[in-house]
There are 2 protein chains.
Amino acid sequence: MTSKATTLKGQPLDRPVLDAMLRRRMFFTPAFEIYGGTAGLFDYGPPGCALQANIIDLWRKHFVLEEDMLEVDCTVLTPLEVLKTSGHVDKFADWMCKDPKNGDILRADHFVEDVLEARLNGDKEARGQKVDGEEPAADAKKKKRKQKTEAVKLDDAVVQEYGEVLAKIDNYNGEELGELIKKYDLRNPATGVQPSPPVSFNLMFQTSIGPSSNSPGYLRPETAQGQFLNFAKLLEFNQGQMPFASASIGKSYRNEISPRGGLLRVREFLMAEVEHYVDPKSGKQHPKFADIENIELDLLPRDVQLSGKTDLVRMTIGDAVRNKVVDNETLGYFLVRIFLFLQKLGVDQSKLRFRQHMANEMAHYATDCWDAELFTSSGWIECVGCADRSAYDLSVHKEKTGAPLIVRERLDEPIIEERWEVEIEKKKFGPHFKKDGKAVETALLATTQDQREALAKQLTETGNTELEIAGVGDGKVQITKDLVTIEFRKNVINTREYTPNVIEPSFGIGRILYSLIEHSYWTRASDGGDEARGVLSFPPEVAPTKVLIIPLSANKAFKPFIQKISQKLRKLGISSRVDDSSATIGKRYSRNDELGTPLGITIDFQTVQDSTITLRDRDSTKQVRADEDQIVAAVQSIVDGTKQWKDVEAELPAFEGQEVDVAVR
Amino acid sequence: MTSKATTLKGQPLDRPVLDAMLRRRMFFTPAFEIYGGTAGLFDYGPPGCALQANIIDLWRKHFVLEEDMLEVDCTVLTPLEVLKTSGHVDKFADWMCKDPKNGDILRADHFVEDVLEARLNGDKEARGQKVDGEEPAADAKKKKRKQKTEAVKLDDAVVQEYGEVLAKIDNYNGEELGELIKKYDLRNPATGVQPSPPVSFNLMFQTSIGPSSNSPGYLRPETAQGQFLNFAKLLEFNQGQMPFASASIGKSYRNEISPRGGLLRVREFLMAEVEHYVDPKSGKQHPKFADIENIELDLLPRDVQLSGKTDLVRMTIGDAVRNKVVDNETLGYFLVRIFLFLQKLGVDQSKLRFRQHMANEMAHYATDCWDAELFTSSGWIECVGCADRSAYDLSVHKEKTGAPLIVRERLDEPIIEERWEVEIEKKKFGPHFKKDGKAVETALLATTQDQREALAKQLTETGNTELEIAGVGDGKVQITKDLVTIEFRKNVINTREYTPNVIEPSFGIGRILYSLIEHSYWTRASDGGDEARGVLSFPPEVAPTKVLIIPLSANKAFKPFIQKISQKLRKLGISSRVDDSSATIGKRYSRNDELGTPLGITIDFQTVQDSTITLRDRDSTKQVRADEDQIVAAVQSIVDGTKQWKDVEAELPAFEGQEVDVAVR
């Protein structure tokens, strides 16, 4: 893996050129831009919106339908109490500090990181070393915040110390970050002033539900909680059968301290989450694991990262689970399902890896976690998290509310439990011992099996017994057989109760969408020696629009053909757009390529004569010509994935001619 | 229209029975129920979630794809400034009052309405009249808040006065509502105490965007504003062509004071909105109006309501527009498109009407508005609003930000404007008139064309002229020809600039979903004399799941058949569920009918022998038997709408037998 992002065709990726194209084609745009914009909020324009809908559609088919998941749609507004119990009110926070001079608000860990890295780069420069090295493992978030460097040489010992601090930057709490700021005299480059000590800032958006001020609530930080709260109903809906999964697609919110980085760090985002409930006693096996165990993944396990390396380990998921690289089958199964989903979307597999979280890096609820990361011009981006949340959430909500967020399983073979049991004769016991009753009862119930056996024997033989209980009378209490029964009993247990564990694949749709754009992007040299033209080679299933319909000109003779083809395609559920603007055919195809539309149909004067139309392939710019039915059939087979362009090209006569003006912009 | 809600088959609708069924089948459920619930927030369970997704899918096809709309996805979080400009910060509010004794918060208009109605009902009771009359026009919202009545006879004059107050209840402001409370001594039935004077309560959820406290924001109350703010970009994306429409599907929020009424009054809801931009000068004609002008709608125009009636007027939309019942073609076109959409969904057309808003009832931005209302057990429910927002929103945002939210149209024929123009010679003018300069300039520019002609003549002939300007010198000002040029000029205007008007169809998806459930619901007498069993007869396209697959028993021989059929259906994009629980076939079909699944496939021992399977129709409970391919083909044709059950029944051999145990629950 090289350090620089490349296009689909291996060209160096020119980010500003891509950004300009995405903006021009309105894939997305800063929200409220005419009001000056609001950081971390973006709107999707028509192609971005369609791309998002297609990703969601594929996700629903791949996960909800294929795996028979129970999809739910829960509210974003969430009362405080729920998120207090889940731990988010206390722990879903970042450390922030303030520049006392200009009021800048800084995220403390990013600030420390940025200043130290700038110093290290300054040192390298002073030593005459190359500053841009290999991309480190988790550099994505830093990319956008790069500081200006000054060429100042540091002592070797200082260089090493800074390196050590950076390696464990995710490990420091607020106080420790504050100490680092003082110790190394870290200053805000904008003002030259040291910021204030870090304070905790909760990342949830707070509001008030209803007209009274005593019902605080938050915008949910994840869709998961709504699913957990409905667990008992979902289990009942699933007729009590385990394992099963719920799923949800919806907006979540995170009030980032200082978001920069486009779609990669936003305050409002679409998530798709699966909560797969599994019996922990089953070893978290998965019934369909055998189907996928031979699929190979590129893994970056925890121990490799701890040794300071980023080398990927390629192995089958079967081996990974057998060797305990991946903890269990269910986790492994979902890593492969995530992989297959990303593959279907069209992400570049050479830019995909699965990175295991380090212990200190995991969310407060996770016991193990792997991220699917995609490589982009901002480095490796976490796009899907796959966490084992154990029984954490169901347990805390059950404890707080008393709701039965558990599974009751009928045992195939009942468990027979034999034991000495103590039964108090309440009616006589209380009046007899009066104020000491509770203490005597507690002492009796606290006895061991051996003690009970001895007590029972004495009661049977002598009718009474003596128990030593400190603090009651003289410490010795006489107990007669009318006050208590101690018997050896046999109990048959038919059901087992347990709290399921949860494996959670969690998808950040916006991050996937942006990374997919970079992975699908390349530039084509223009014939006329003009600047290169952008192409987005989305797979047909994912492309925002499938077919562009272009009449050669505004001539009225073309209208009925346009209408007929549009209607045929619509009936087949294939989205198309007509471009009857006055731009040249070439310009219109060029616009089309930038929008990622895989196929183009042209209607020209020959169409009017013999009803034939041409079909153009976005990626090769090659064309075929045939009658309408043949072309529509070809479109359908490409869109539903049964054929590729090369098949169509082999079947239908080639057409050359129109694209003479492609080079003209 | 009778006053009582009925099922699809005309049976009286038993709301508690329906509610219990919807709860049992987890169509939706109160959110955070295990924490005691939060009023106005609901979660959708698997069938509700799938139903919602299918409604959205149909909406997208019917509006976005068929009409080539530009779909966008904008953020819910919205800065204060935007909603201040749009008028929501000042006007999106209800009046509330507080009970000083128990702290109850009451929505003032509902409170006045409820207490007066209770008194009127008490009067009727005392007079021995029937209390439950015809449903009034806008009674939906009251249904859930009915007060206990006391049989107290009122004076005839008082009865009339109360009636008059109720008729214009939506007309009162807070002060007036307060006066009514005092005048009639209205008391909270819960405490017997008069509530405090009404205060305005803004219905938007407020929050703070980013870590500093000086960026207040709201959760959007509608998706429209995001679309308006992007108007200039959308117009450019549409290559400058008018008219066009943007569309958006997403959550909006309304912090209801005291929501009761299930899915019909919620604080978080899914909306689908279209903003159709039209040139006001075009008379708001619509190019496709001719296609739909003969479609008939049931209308309840403003003037009928003002006369105190609720009789529907059935007429073609062509006549309605010609007779100015509906203001313009574009509004009329969308009323029909809304009608066709609701028809496709399966709403009962005898329970659908279009009601025009009265002047005082419209939102602050609307100039005309029609609601598509559906009749349910809660009365007539506004499910779709279709408003003419004129140029209101684009104008206010343009004025506030200076952004060009306008259309520049190249004129086919340039307009030539000839007129007398005044041009001040700034360099000399200022120094000459000194402090009076501004006043003189204003007076000059305020002259009429005739005055200018006269002034120009004098200047040309004599080199100077005299102007009467009160307050400058002695009221007469000498102007020489070196200070000003007055000429007759010819201007050629090639482009026209205008702010488009907006027609907005706005859909409340949750309300549509709930009403559709009531319209699709009926009960079937059970063979065994048991209680009636519920059925939800959704059209196949809308049904949450299309096919239920039932193996006769848990016998292993059935497994491969289940798998094969599931896979075939999945490949065709047809959603199915397997029910291999141990319940009887009859019980499983019954569950299926409650979930609204249109088709059932049964696998039995004959399947193992000859590979035939049975197909059951939810609505008739009839079955056919044929080989797998024939059944799958039949399923496909029913789901895609090319065939109905009666066609399948005519083609394939009938099967009778399994459903013997249907009556057993």
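Residues numbered from 1 in each chain as written. Chains lettered and ligands numbered in written order. Predicted model: local features only at pLDDT ≥ 70, side-chain atom pairs only at ≥ 80, totals over all residues. Heavy atoms only, no water.

An unreviewed UniProt entry annotates chain A as glycine--tRNA ligase of Sodiomyces alkalinus. As recorded by UniProt, the Subcellular location (unreviewed entry) comment attached to chain A reads in full: "Cytoplasm". Within the UniProt record for chain A, the comment given under Subunit (unreviewed entry) is "Homodimer." (UniProt positions renumbered as here; feature names shortened; annotations may be inferred.)

**With respect to the overall build of chain A**
What chain A contains, in helices and strands, is 23 helices and 29 strands. For a compact globule of 665 residues, the expected C-alpha radius of gyration is about 26 Å, and chain A comes in at 33 Å, more than 25% above that figure. Overall, chain A is about 115 × 65 × 55 Å in size when its C-alpha atoms are taken along their principal axes. For chain A, with 665 residues in total, the buried portion stands at 54%. Across chain A, contacts joining residues at least 24 apart in sequence account for 70% of those joining residues at least 6 apart. Here chain A displays about 29,300 Å² of accessible surface, and carbon together with sulfur accounts for 49% of that area. Computed over 89 positive and 103 negative side-chain charges, the inter-centroid distance for chain A is 4 Å. (Helix = DSSP H or I, 4+ residues; strand = E, 2+ residues; numbered from the N terminus. Rg over C-alpha atoms; globule rule 2.2 N^0.38 Å. Buried < 20%, exposed > 50% of the residue type's maximum accessible area, 1.4 Å probe, protein only. Contact = heavy atoms within 4.5 Å. Areas by Shrake-Rupley, 256 points an atom, 1.4 Å probe, with all protein chains shown as cover. Lys, Arg positive; Asp, Glu negative; His and termini not counted. Charge placed at Lys NZ, Arg CZ, Asp CG, Glu CD.)

**Focus on the relation of the copies chain B and chain A**
Placing chain B over chain A gives an RMSD of 0.7 Å and needs a rotation angle of 179°, together with 0.1 Å of translation along the axis. Here the symmetry operator amounts to a two-fold rotation axis. It is Thr207 of chain B whose C-alpha, among those of chain B, lies nearest the rotation axis, at 2.6 Å. A share of 100% of the interface residues of chain B reappears at the interface of chain A, consistent with the copies meeting face to face through the same patch. (Least-squares fit on C-alpha atoms with pLDDT ≥ 70 in both.)

**Brief notes about helix 14 (residues 392-401) of chain A**
All names here are of chain A. Listed as buried for helix 14 are Asp393, Leu394 and His397. One side of helix 14 holds all its buried residues, which, seen down the axis, span an arc of 95°. Buried residues along helix 14 sit in contact with helix 3 (80-85), helix 8 (224-229), helix 9 (231-237), strand 11 (268-278), strand 16 (379-390) and strand 21 (501-508). Positive backbone phi, at 80°, marks Gly402, one or two positions downstream of helix 14. (Arc of directions from axis to C-beta.)

**A few points about the interface of chain B and chain A**
Between chain B and chain A, the residue contacts involve 78 residues of the former and 78 residues of the latter. A combined buried area of about 6,500 Å² lies between chain B and chain A, and 61% of that area is made up of carbon and sulfur atoms. Where chain B touches chain A, the interface holds six salt bridges. With a closest N to O distance of 3.9 Å, Lys251 of chain B and Asp73 of chain A form a salt bridge. Summed over the shared surface of chain B and chain A, the result is 34 residue pairs in polar contact (both at pLDDT 80 or more). (Buried area = accessible area lost by both parts, 1.4 Å probe. Salt bridge = Lys/Arg side-chain N within 4 Å of Asp/Glu carboxyl O. Polar contact = N/O pair within 3.5 Å; in protein donor to acceptor, adjacent residues only side chain to side chain.)

**Describing the sheet that holds strand 14 (residues 352-356) of chain B**
By definition, the strands of a sheet pair up through backbone hydrogen bonds, in either a parallel or an antiparallel sense. All names here are of chain B. The strand order across the open sheet formed by nine strands is 3-10-11-21-16-15-14-12-13, and the pairing between neighbours is mixed. At either margin of the open sheet sits one strand with a lone partner, and together these are strand 3 (70-71) and strand 13 (313-316). Taken together, the four bridges between strand 12 (residues 296-300) and strand 13 define a ladder with antiparallel strand orientation. In the strand pairing of strand 13, Leu299 is matched with Val313. (Pairing = 2+ DSSP bridges.)

**So, helix 18 (residues 509-520) of chain A**
All names here are of chain A. When the terminal C-alpha atoms of helix 18 are compared, their 16 Å separation across twelve residues agrees well with the 16 Å that a helix rising 1.5 Å per residue should span. Across the twelve residues that make up helix 18, a large majority, eleven, are buried. Listed as buried for helix 18 are Ile509, Gly510, Ile512, Leu513, Tyr514, Ser515, Leu516, Ile517, Glu518, His519 and Ser520. (Expected span 1.5 Å × (residues − 1).)

**Observations concerning the nonpolar core**
Counting 73 residues, the largest nonpolar core has Trp59, Ile317, Phe354, Phe507 and Ile517 of chain B as the members making the most contacts within it. Sorting elements by how many residues they give to this core places helix 13 (residues 329-345) of chain B first, with eleven residues. By size, the runner-up hydrophobic cluster in this structure holds 72 residues, among which are Leu13, Leu51, Met69 and Ala245 of chain A. (Core = buried A, V, L, I, M, F, W, Y, C linked by side-chain atoms within 4.5 Å.)

**What to know about the state of the cysteines**
Applying the stated rule across the entire model yields zero disulfides over all chains. With no disulfide partner, Cys386 of chain B has as its closest neighbouring cysteine sulfur the one in Cys369 of chain B, 7.3 Å distant. (Disulfide = S-S within 2.5 Å.)

**Here we look at the pattern of salt bridges**
Pairing is possible between side chains that carry opposite charge, provided their charged atoms lie close to one another. All names here are of chain A. Taken as a whole and judged by the stated rule, the model has 114 salt bridges over all chains. Of the charged contacts in the structure, one is a salt bridge between Arg254 and Glu256, with a shortest N-O distance of 2.8 Å. With relative accessibility at 24%, the residue Arg254 sits in the partly exposed group. Looking at Glu256, the relative accessible area reads 4%, which means it is buried.

**Re the sheet that holds strand 25 (residues 576-578) of chain B**
Residue and element names in this part refer to chain B. Taken together, six strands build an open sheet; the order of strands is 25-24-26-27-28-29 and the sheet is mixed. A strand with exactly one partner marks an edge of an open sheet, and here the two such strands are strand 25 and strand 29 (654-655). In this structure, strand 27 (residues 612-617) lies alongside strand 28 (residues 623-627), joined through five bridges in antiparallel fashion. Across the sheet, Ile613 pairs through a bridge with Ala626, a residue of strand 28. The strands touched by helix 19 (residues 559-571) are strand 24 (547-551), strand 25, strand 26 (599-603) and strand 27; relative to strand 24, the strand with the most contacts, the crossing angle is about 170°. Its contacts with the sheet put helix 20 (residues 585-595) on strand 24, strand 26, strand 27 and strand 28, and the angle it makes with strand 24 is roughly 170°. (Axes fitted to C-alpha atoms, helices over the stretch in contact; angles between N-to-C directions.)

**Examining the packing of helix 2 (residues 46-65) of chain A against helix 13 (residues 329-345) of chain A**
Residues and elements named next belong to chain A. Viewed as axis vectors pointing N to C, helix 2 and helix 13 meet at an angle of 140°, and their least axial separation amounts to 11 Å. At the point where helix 2 passes helix 13, the crossing takes the right-handed sense. Of the residues in helix 13, those in contact with Ile55, Leu58, Trp59, His62 and Phe63 of helix 2 are Arg337, Ile338, Leu340, Phe341, Lys344 and Leu345. Class assignment for the residues of the contact of helix 2 with helix 13 results in eight nonpolar, one polar and two charged. (Left-handed = near helix turned anticlockwise from the far one by under 90°. Nonpolar A, V, L, I, M, F, W, Y, C, P; charged D, E, K, R; others polar.)

**Points about a nonpolar patch on the surface**
Taken together, the side chains of Leu552, Phe605 and Val608 of chain A make up a nonpolar region of the molecular surface, amounting to roughly 230 Å² of accessible area. Within the secondary structure, Val608 of chain A sits in helix 21 (residues 605-610). (Patch = residues over 30% accessible without salt bridge, like charges linked within 9 Å, V, L, I, M, F, W, Y side chains within 5 Å.)

**Things to note about the pairing of strand 10 (residues 244-253) of chain B**
All names here are of chain B. The element strand 10 is largely enclosed, with a buried count of ten among its ten residues. In this sheet, strand 10 lies alongside strand 3 in parallel orientation, the contact comprising two bridges. Bridge assignment links Leu70 to a residue of strand 10, and that residue is Ser246. Pairing of strand 10 with strand 11 (residues 268-278), which is carried by ten bridges, proceeds in the antiparallel orientation. Bridging from a neighbouring strand, Lys251 pairs with Leu270 of strand 11.

**Looking at the environment of Ala650 of chain B**
Residue and element names in this part refer to chain B. With respect to the helices, strands and loops of the structure, Ala650 is situated in helix 23 (residues 645-651). Residue classification places Ala650 among the exposed residues on the basis of a relative accessible area of 68%. For the pair Ala650 and Val624, spaced 26 residues apart in the sequence, the C-alpha separation amounts to 9.5 Å.

**Some points on unusual backbone geometry**
Met242 of chain A connects to Pro243 of chain A through a cis peptide bond whose omega is -10°. If you trace the backbone, Pro243 of chain A turns up in the loop between helix 9 and strand 10 (244-253). Of note in the backbone geometry, Lys324 of chain A takes a positive phi value of approximately 60° without being a glycine. Note on placement: Lys324 of chain A falls in the loop between helix 12 (317-322) and helix 13. Phi at Ser611 of chain B takes a positive value of approximately 60°, unusual for a residue other than glycine. By relative accessible area, which is 32% here, Ser611 of chain B ends up partly exposed.

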